Structure formats: C-alpha cells, structure tokens
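# Coordinate inspection notes
Chain by chain, the residues:
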Amino acid sequence: GPSNNLTVSPAAPFQLVIHTQPSPAATAGQAFATQPTVYELDQYGNLESGDNSTVITAALGSGNGPLRGTYTAISSGGVAAFVALADNVAGTISLNFSGAGLTAGPSNNVFISPAAAAQLVIQTPPYSSVTAGNPLTDPIVIDEEDQYGNIETGDSTTVVTASLSSGAGSLNGTKTATVANGVASFNDLEDDTAGMLSLQFGAPSLPAVIASPSTVTPAAATRIVISQPPSGVIAGTPFGMTVQTYDDFGNLATSYNGPVTVALASGSGGALS
C-alpha cells in the first residue's frame, strides 16, 4: 500500500521571478493599473512558501524617474505583491527587483504618458532688450505641460494666445499659436513703443503665465520735431528754440547725439545769425 505522506519543503531560495508584469501603459503620477508580483523560488522552481519576511525592493531598470509609491514589499508565502508603484516622468521605463541577495528583471516596458495639461511654461522667453522695429524673440516658445513638467506631446489642438500684461503701445504680429505636440511657437511678436513691457500667454482652462520684462529701445533717429518754437522774436535780439529727434515709430531717439542745423525756411530779407 501507499506509505505515509511525506512533506517536501522547498530548497534554499535561489531565484526571484517576475510572476505578474506591470501594466504596459500608465499615466504620470498615477499608480500602474496592474502592479507587479515577484515570486521567490528555489533552484527547482518551488515557491518559498515558508518565507514571510524577505523584503523585495523595486527600482528602475531603465528610463527616468524616480520611481514613486511603495517600492518595497514583504514576501508572504514567497510572494511579494507591490502596491501603488508609479512614475511621474513621461517616457518608457522598466523595473528591476532585488532581495535576499537575489535579483530579477528587467520587467516588460511600461510607457508613461503625461497627465492632464496643467500649466504653460515659457521655454524660450522674449529678449530682455530689443530695438523698436524688431521681433521680441524669434521664436518665443511655450510648452504645455502636466503638473509634473511633462510636455503634452499628444496635444496638437490647444490654442495659446499672447497679449500685453503690462507696457505701452500695442502688440503686433501673430498673437495666437496652436501647439504642435504640446509646443507653441510665436515668430513675429513685436511692440515698437519704447519702454518696458511684459508679455502674457494663456490657453483655455490653464492659468496664464507672464514673461520676464522686456525693454524696447528707440530705433535710429529719422526725423526732427520742433517741440518749443520761438515766439515774440524782436529784430536783432537773440531767441531760442528746442527740437527733438524721433525714430520711425514715434519714439524719442534718446541715443542721438549728433548736430542739428537751423536755416530759414521762409521769410524775406535779413539773415539768420
């Protein structure tokens, strides 16, 4: 007849094996829908069912992180079940596992997509100083990002609008740009009024972002205006007058330090001295 029952116990721990692979796709900042489980086995493939104390640690095998969530799990009957593992950085990652001097991995790849759009970020700002008649930057680049700083690479429909946040004059050029893979470019924004200004960029459902101030300096002087004409002139008596130089955009050409010549434009007899 049959002998008495024999209980065969696993041999010493020999290997870690990824039994359940993490989800192939996930969203930045959100726990993987399928969390990995790791088995602790002997050299014959037997589960170390008597082990309830070994700590198994998950870490990035490839890709950008750091890994988020609970990245350690205590073996229960030789099974380490992870919970709440996540990654905030968009891209492709894989996982490695280690514990009790043993390792497993890399896991299958996990593709991390950006979370919902949360902010606009000025990637290439306007120039800090520009001469009237020139673009404020070519181009100004605005990134549409999630709360973790990932660019919304899947979005090519959101419209970003530029406007003056502060400063005089008017903003000229193409003031709207549709993102391409989460990036909007403004190529010809211009304000030709001398002074300091700041640009603002906004998009539906996102908070506006304001660029650092830019200073517009006058262009070269192109015309002279009599700002204080002479009055009550008496023959033989000296009189004074004030003229100012302006650029093509109506800005006082403060950098002009050249000569100004005065001559009679009309009148009969006598001479200007």
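All residue numbers here refer to positions counted from 1 along the written sequence of the relevant chain. Side-chain atom pairs in this predicted model are given and counted only at pLDDT of 80 or more, local residue features only at pLDDT of at least 70, and totals for whole chains, interfaces and linings cover all residues. Excluding hydrogens and water, the side-chain values take into account all heavy atoms of the structure.

## With respect to the nonpolar core
Inclusion rule: To define a nonpolar core, start from buried Ala, Val, Leu, Ile, Met, Phe, Trp, Tyr and Cys residues and group those joined through side-chain atoms within 4.5 Å. Relative accessibility thresholds used throughout: buried, under 20% of the residue-type maximum; exposed, over 50%; partly exposed, between the two (1.4 Å probe, protein chains only). Only DSSP runs of H or I with at least four residues qualify as helices, and only runs of E with at least two residues qualify as strands; both kinds are numbered from the N terminus onward. We call two residues in contact whenever any of their non-hydrogen atoms come within 4.5 Å of each other.
Grouped together as the largest cluster of nonpolar side chains are 23 residues, with contacts concentrated most on V160, F186, L189, L199 and F201. If you list the elements that add at least two residues to this core, you get β14 (140-146), β15 (159-166), β17 (183-186), β18 (195-203) and β19 (206-210). Apart from the residues within four sequence positions on either side, F201 is in contact with L120, I122, I140, I142, V160, T161, A162, F186, L189, A208, V209 and A211. In terms of nonpolar packing, the next biggest core, distinct from the first, is built from 20 residues, L67, A80, A104 and I112 among them.

## Some words on the layout of surface pockets
Rule in force here: Lining residues are those with an atom within 4 Å of a point, where the points come from a 1 Å grid over the protein atoms alone and group into cavities, where a 1.4 Å probe fits but cannot get out, or pockets, open sets with protein on both sides within 12 Å along at least five of seven lines. Grid points are joined across faces, edges and corners, and a volume is the space filled by probe spheres set on the points. Classes in brief: Ala, Val, Leu, Ile, Met, Phe, Trp, Tyr, Cys and Pro nonpolar; Asp, Glu, Lys and Arg charged; the others, Gly included, polar.
The space that makes up the largest pocket amounts to roughly 440 Å³. Of the residues belonging to the lining of the largest pocket, the class tally is 13 nonpolar, six polar and no charged.

## Quick notes on the sheet that holds β17
The condition that has to hold: Between any two strands, at least two bridges found by DSSP are needed for them to pair. In this description, a line fitted to the C-alpha atoms serves as the axis of each element, helices being fitted only across the stretch in contact, and the angle between N-to-C directions of two axes falls anywhere from 0 to 180 degrees.
Spatially, three strands are ordered β12-β14-β17 in an open sheet, and the strand pairing comes out antiparallel. Two strands in the sheet have a free side with no partner beyond their single neighbour: β12 (117-124) and β17. For this sheet, the mean angle separating the axes of adjacent strands, direction not counted, is 25°. Where β14 meets β17, four bridges bridge the pair, whose relative direction is antiparallel. By the bridge assignment for β17, I140 is matched with F186.

## Digging into the pairing of strand β11 (residues 110-113)
Looking along a regular strand, one sees the side chains alternate between the two faces of the sheet. Burial along β11 is one-sided: V110 and I112 are buried, while F111 and S113, pointing the other way, are not. Bridge analysis of strand β2 (residues 25-27) against β11 gives three bridges, and the strand direction is parallel. Across the sheet, residue T27 finds its bridge partner in β11, namely S113. Where strand β9 (residues 91-99) meets β11, three bridges bridge the pair, whose relative direction is antiparallel. Counted as the bridge partner of G91 is I112 from β11.

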